[in-house]
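Read off the chains here:
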Amino acid sequence: MQYLVSVIFDSDELATPEEAAAIDVFNDRVQADGHWVFAGGLASPATATVIDNRDGASVFTDGPFVETKEHVAGFWVFEAPDLDVALKLAADGSKACNRKVEVRPFLAPPE
């Protein structure tokens, strides 16, 4: 099962050098333990573009989809045998990056 772990933050500040080092150590451990699928940090919500092409005429809007104090600052995708393992990984990731995280499983593909 794969899980999306979204890093939630309320500032555009990047990780401090200490946080970045802790994230690197955490990422190395997750990779060594075979849970790593993919991860990445995201630019500020101010750099976002929202695209709405539901009516066949693409409308592009600068800025985030939702105006909110908190935003997704980055993410991990983990492979884990169950939710308990994913939650433990996410808790360790939250500690490493010093941010809140949200865990959501990917939907299983239709059979």
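Residues numbered from 1 in each chain as written. Predicted model: local features only at pLDDT ≥ 70, side-chain atom pairs only at ≥ 80, totals over all residues. Heavy atoms only, no water.

Enquirer: Explain helix α1 (residues 17-32) to me, please; I cannot follow it from the model alone.
Expert: Quick reminder: α-helices carry 3.6 residues per turn. Residues three or four places apart thus point the same way. Along its 16 residues, α1 runs 23 Å from first to last C-alpha, staying within 8% of the 22 Å computed at 1.5 Å per residue. Every buried residue of α1 is accounted for by E19, I23, F26, N27 and V30. One face of α1 carries all of its buried residues, which in axial projection span an arc of 105°. Facing away from the buried side of α1 by over 90 degrees, the exposed positions are P17, E18, V25, D28 and A32. Once α1 finishes, G34 follows within two positions and takes phi at roughly 80°, a positive value. (Helix = DSSP H or I, 4+ residues; strand = E, 2+ residues; numbered from the N terminus. Expected span 1.5 Å × (residues − 1). Buried < 20%, exposed > 50% of the residue type's maximum accessible area, 1.4 Å probe, protein only. Arc of directions from axis to C-beta.)

Enquirer: I tried to follow unusual backbone geometry on my own but got confused; where do I start?
Expert: Most peptide bonds take the trans configuration, and most residues that are not glycine carry a negative phi. In the Ramachandran plot, N98 falls in the positive-phi region, its phi being about 60° despite a non-glycine side chain. By the secondary structure assignment, N98 is in the loop between α2 (83-97) and β6 (100-105). For N98, a relative accessible area of 52% gives the class exposed.

Enquirer: Which parts of the structure should I look at to understand α2?
Expert: For α2, with 15 residues, the first-to-last C-alpha span of 21 Å sits near the 21 Å given by 1.5 Å per residue. Those residues of α2 that sit buried are A86, L89, A90, D92, G93, A96 and C97. The arc that holds the buried residues of α2, viewed along the axis, is 165°, so those residues lie on one side. In α2, the exposed positions that point more than 90 degrees away from the buried face belong to D84, K88 and K95. Measuring from the side-chain oxygen of the N-cap residue of α2 to the backbone nitrogen of D84 gives 3.1 Å; that N-cap residue is D82. Looking one or two residues beyond α2, the residue adopting positive phi is N98, at roughly 60°. (Polar contact = N/O pair within 3.5 Å; in protein donor to acceptor, adjacent residues only side chain to side chain.)

Enquirer: For this particular structure, what's the right way to read the sheet that holds strand β5 (residues 71-79)?
Expert: Hydrogen bonds between backbone groups are what pair the strands of a sheet, and the pairing can be parallel or antiparallel. Here we have four strands laid out as an open sheet, ordered β2-β5-β1-β6, and antiparallel in their pairing. Here the strands that pair on one side only, and so sit at the sheet edges, are β2 (36-41) and β6. Taken over all neighbouring pairs, the strand axes of this sheet differ in orientation by 20° on average, direction set aside. Sheet topology note: the strand β1 (residues 2-9)/β6 ladder contains six bridges and is antiparallel. Bridging across to β6, Y3 finds its partner in P105. (Pairing = 2+ DSSP bridges. Axes fitted to C-alpha atoms, helices over the stretch in contact; angles between N-to-C directions.)

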